[in-house]
Amino acid sequence: MISVCLVDDQNLVRQGVRSLLDLAADIRVVAECADGAQAIREIPRIKPDVVLLDLRMPNMSGLEVLQTLASRDELPPTIILTTFDDDQLVLQGLKAGARGYLLKDVSLEQLVEAVRVVAGGGSLVAPMVTQRLMAGVARMQNQFTSLEQPDPLTERETEILRLLSGGYSNKEIANSLKVAEGTVKNHVSNILSKLGVRDRTRAVLKALELGIV
């Protein structure tokens, strides 16, 4: 059973998302938070498998929640709930540690699949990246702490990075390429090292910035 915490100041949004997740047999909403301050109290206590987080909230924003929990090493796999108007904020949220984002009018299938992917260690960046987000990556390129000119990736590493950007897990990539999962893990470690980033989501953002994917 995948446990989920909903963080959104709009009660109707929380009710809508909960009603969708209640239809999935393997997902259970274990907590709801109406603001960021409540979220940073409850999430470390509850330790949900996945957090669905609104970025625009009064008192304490979702971005501050991400940054605060990440600084304490208490950030569970998190999906940002957003609208098309939040492009720059979404990029900041991804940079702060979120695993991906969903639009608030997401379908049942998309929502359930997203929660399962993130709970399993995957990310949701590239499949939903819009042209405006791509432009946002370019505008933020000087804010990355990664290497200015990373070591070139091998052909296989580039192939795996593109699959990572599609949100595929190590196991799915291994099945696709017909190699051992451990081999994929080694390639992913090399990719992170070469790009000078510490996780898969930042690797995808860096790849977008460099035009690799």
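Structure: above.
As the structure is a computational prediction, the values presented were derived from the model and not from experiment.

Chemist: Sorry, what's going on with helix α9 (residues 181-195) here?
Modeler: Residues lying three or four places apart along an α-helix face the same way, a consequence of the helix completing one turn every 3.6 residues. With 15 residues, α9 ought to run about 21 Å at 1.5 Å a step, and its terminal C-alpha atoms sit 21 Å apart, in line with that. Listing the buried residues of α9 in full gives V184, H187, V188, I191, L192, K194 and L195. One face of α9 carries all of its buried residues, which in axial projection span an arc of 165 degrees. In this structure, the buried side of α9 is in contact with α7 (155-165), α8 (170-177) and α10 (200-210). Residue G196 follows α9 closely and has a positive phi angle near 70 degrees.

Chemist: Mind showing me how you'd approach the nonpolar core here?
Modeler: What tends to happen in soluble globular proteins is that the nonpolar side chains get buried as a cluster. Core analysis: the largest hydrophobic core is formed by 44 residues, its most contacted members being V7 and L161. Residues from two domains meet in this core; each of domain 1 (2-126) and domain 2 (155-210) gives at least three. Once you skip the residues sitting within four places of it in the chain, V7 turns out to touch C33, D35, A39, I43, V51, L52, L53, D54 and M57. Counting residues in hydrophobic clusters, the runner-up holds 22 residues, among them A24, I79, L102 and V115.

About the thresholds
Residues numbered from 1 in each chain as written. Predicted model: local features only at pLDDT ≥ 70, side-chain atom pairs only at ≥ 80, totals over all residues. Heavy atoms only, no water. Helix = DSSP H or I, 4+ residues; strand = E, 2+ residues; numbered from the N terminus. Expected span 1.5 Å × (residues − 1). Buried < 20%, exposed > 50% of the residue type's maximum accessible area, 1.4 Å probe, protein only. Arc of directions from axis to C-beta. Contact = heavy atoms within 4.5 Å. Core = buried A, V, L, I, M, F, W, Y, C linked by side-chain atoms within 4.5 Å. Domains from an automatic or database assignment.

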